[in-house]
Amino acid sequence: MARNLRHTLRKKLCFYTCFGLLAAGTYGGYYIERKIPDKIHMAADESTEFFLGLPLQSTLVSESEEVALGNGSNIPSGAIKLSGKESVTLYSNTLGNYRLGLSLFGIPVKDIEVEVVEHQKAIPCGLPIGIYLKSNGIMVIGTGEIPSKNGELAEPALGILKSGDYIESVNGVPVSTQKELFAVLEQNGSEQAELAIRREDKAMLVHLDPVEAEDGSYKLGIWVREDTQGIGTVTYVDLNGNFGALGHGISDSDTGELVQIVNGTLYDTEIMGIEKGEAGNPGVMSGVIYYGNQSKEGEILENTASGIFGTVNETFLSDLKQEPVELAFKQEVEKGPATILSAVSGEVKEYDIEILKVDSNSPNSNKGMVLRVTDAELLELTGGIIQGMSGSPILQNGKLIGAVTHVFVQDSTKGYGIFIENMLSH
C-alpha cells in the first residue's frame, strides 16, 4: 500500500512539475514576444534607456561595435548580464541599423533591431481639418435585389462581387466615378458585362448579366462608392511641410475596409457643435467642410493603418502657432501625466491627461497607449474623447510622443493612442 502511495505521489509530482515548466515556458515565450521590443529607434550621439523587465537573469549582446551597452554601473560593454530590475543603456554615434541578441540561460531567444537616426523635430498641431479621399477604383459596398420588369426579384451580383471589391473597368473601358460606371452600363444594355476588379490587391475578371429593372434600365444590383469625406485632427507637420493625421486609417463606413486611394485633399473646416460622450454613446464633433480651390489646405498622398499622410500648403502653415518639438521614441514614453492639443473649444489648447498603459509591442499599431482625460475643462466640454479628436497630438516631458486614436465606448474619458514612432514608420 505504501509503495503504491509513493508511486502515485511521484506521478503527481512529475505531472505538476512538467505542467509548471510548460506554463512557465509558454508565459516566457508570450512575455518575450509581446513585451520585449522587436525594434528600438534611438538618436545618434544620445544615450537611450529602456527596461526589459525579465523575471530571470538574461544576457544582452551588441553584435556591432557601433552600439555600446551599459547597465546600472554605466560601464559600456559588448555583452552585459541583467536581472529583472535593471535597465539597459544604449549609445551610438553612427547612423544605421544594428542588432542586439537576447539570451536566457545561454540560449538565444530574440534579436532586437536597433536603428540609429538623426534627431527629429516636428510641429504638434491639434487643428481640425476637412478630409476628402478619392478611391482607387469604385468601391463595392454591397449587393442587393432588383425588382425586374417581369415582377420578379433578381440579384445578379450575389456571390460574384462582394463588399470591398474595387471596379476598375467595364468591358475594357476604365471607370473611376459612378457617373462613368452608369454610362458604360447604359451603353452595354442587356449584354453580359465584363468587370475588371481588384480584390485584396489581386486583379480579377468577373462577368455579370444585367437585369432589366421596372423603369426599363439595366442594373447589376450593386451599391458603390467613389469617395469618402469626414473631419479629423492633424497631429504634426514636419520641417519640410509633410503632415500626419488621425493616427488610424480611414475605413469605409459600410465595409469596414481601409479605403484604397488615388489621392485626397485637406480642406478648411469649421466646428459647429459638440455632442458630449457618455457610456455606450461616444460623442462627436460636428462641423462644416468648405470645399473649393480657395479652401484647400493640403494634399493627401497615403491612407494607412497608422493615419493619413501628405503635404500641407502655406494656408495651413499660416494657422500654426506651436513651435517645433523633439519627437520621442517608444522607450521614452512612460506612464503618468501628459497633455493633448485640441481645438474643440474653437482654439488650440493644451489639456491634461494621464498615460495608464504603455505597450510598445501591441499587435495593433495604433493602440500602443491607454490614456485617460483628467482635465476638468475638457471633461466639461466633451465628456472626454469624442469622434473628430482622432489625431490630437500627445505631449510628455516636452516631446511629441503620439496621437489620440480611439475612445472606449463604455467610458469616454479613456481611449487609445499611437506612438509617434509608429506614425513616422507608416
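Procedures and definitions
All residue numbers refer to position in the chain's written sequence, counted from 1. At least 70 in pLDDT is required for a residue's local features to be given in this predicted model, at least 80 for side-chain atom pairs to be given and counted, and no such filter applies to totals for whole chains, interfaces and linings, which use all residues. Each side-chain value is worked out from all heavy atoms of the structure, with water and hydrogens disregarded. Each helix is a run of H or I in the DSSP string that is no shorter than four residues. Each strand is a run of E no shorter than two, and both are numbered from the N terminus. We call a residue buried when its accessible area falls under 20% of the maximum for its residue type, exposed when it is over 50%, and partly exposed in between, using a 1.4 Å probe and counting protein chains only. For this analysis, residues touch if any pair of their heavy atoms sits within 4.5 Å. Areas reported here follow the Shrake-Rupley algorithm with a probe of radius 1.4 Å; residue values treat only the protein chains shown as occluding. When DSSP finds at least two bridges between two strands, those strands are taken to pair. The arc refers to the directions leading from the helix axis to the C-beta atoms. The predictor reports its confidence for every residue as pLDDT, a score running from 0 up to 100. For our purposes a nonpolar core is just a set of buried Ala, Val, Leu, Ile, Met, Phe, Trp, Tyr and Cys residues, chained together by side-chain atoms within 4.5 Å. Helix axes use the C-alpha atoms of the stretch in contact, all axes being lines fitted to C-alpha atoms, and the angles between their N-to-C directions lie in the range 0 to 180 degrees.

(A) Here's a closer look at the overall build of the protein. Scanning the protein from terminus to terminus reveals five helices and 32 strands. Residues classed as buried in the protein amount to 47% of the 426 residues present. Residue pairs at least 24 apart in sequence account for 67% of intrachain contacts in the protein once pairs closer than 6 positions are excluded. For the protein, the exposed surface amounts to about 21500 Å²; the carbon and sulfur share of it is 50%.

(B) Seen up close, the environment of Pro-337. Residue position: Pro-337 is located in strand β27 (residues 336-342). Taking the relative accessible area as the measure of exposure, Pro-337 reaches 70% and is therefore exposed. Separated by 59 residues in the primary sequence, Pro-337 and Gln-396 have C-alpha atoms spaced 7.3 Å apart.

(C) Molecular detail of the pairing of strand β15 (residues 193-199). For β15, the buried fraction is high: six of the seven residues fall into the buried class. In terms of strand pairing, strand β13 (residues 166-170) meets β15 through four bridges, oriented antiparallel. If you follow Tyr-166 over to β15, its bridge partner there is Arg-198. Following β15, the chain reverses through two residues before pairing antiparallel with strand β16 (residues 202-208); Glu-200 in that reversal takes a positive phi of roughly 50°.

(D) Focus on helix α2 (residues 178-188). Three or more residues of α2 are buried, namely Leu-181, Val-184, Leu-185 and Asn-188. Looking straight down α2, one finds its buried side chains confined to an arc of 100°; they lie on one side. Opposite its buried face, α2 presents the exposed residues Lys-179, Glu-186 and Gln-187, each directed more than 90 degrees away. Contacts from the buried residues of α2 go to β10 (128-143), β13, β14 (173-174), β15 and β19 (222-238). Immediately beyond the C-terminal end of α2, within one or two residues, lies Gly-189, with a positive phi of roughly 65°.

(E) Layout of the confidence of the model for the protein. Averaged over all residues, the pLDDT of the protein equals 85, while 87% of them reach at least 70. When pLDDT is averaged over each element of the protein, strand β30 (residues 393-396) comes out on top at 98 and helix α1 (residues 2-35) at the bottom at 51. Confidence over residues 16-30 falls short of pLDDT 50; this stretch has one contact with residues more than four positions distant or in other chains.

(F) How the structure looks around unusual backbone geometry. For Glu-200, which is not glycine, the phi torsion reads 50° and is therefore positive. With respect to the helices and strands, the residue Glu-200 is situated in the loop between β15 and β16. In this structure Glu-200 comes out as exposed when scored by relative accessible area, which is 65%. Located in the positive-phi region is Leu-246, a residue other than glycine, with phi close to 75°. Structurally, Leu-246 can be placed in the loop between β20 (242-245) and β21 (261-267).

(G) Up close: the nonpolar core. One finds Ile-131, Val-234, Val-237, Phe-243, Ile-300, Ile-308 and Phe-316 to be the most contacted residues of the largest nonpolar core, which totals 23 residues. Within the residue set of this core, elements represented by two or more residues are β10, β19, β20, β21 and β25 (307-312). At five residues, the largest contribution of residues to this core is made by β10. With residues near it in sequence (within four places) discarded, Val-237 still touches Ala-122, Ile-123, Cys-125, Asn-242, Phe-243, Val-312, Phe-316, Leu-317 and Leu-320. Ala-328, Met-369, Met-389 and Val-407 belong to the second largest nonpolar core, which has 21 residues in total.

(H) Just the sheet that holds strand β32 (residues 411-419), in detail. The antiparallel closed barrel is built from six strands, whose spatial order is β27-β28-β29-β32-β31-β30. Recorded for the sheet is a direction-independent mean angle of 45° between the axes of neighbouring strands. Where β27 meets strand β28 (residues 349-358), seven bridges bridge the pair, whose relative direction is antiparallel. The partner of Ile-340 across the bridge, within β28, is Tyr-351.

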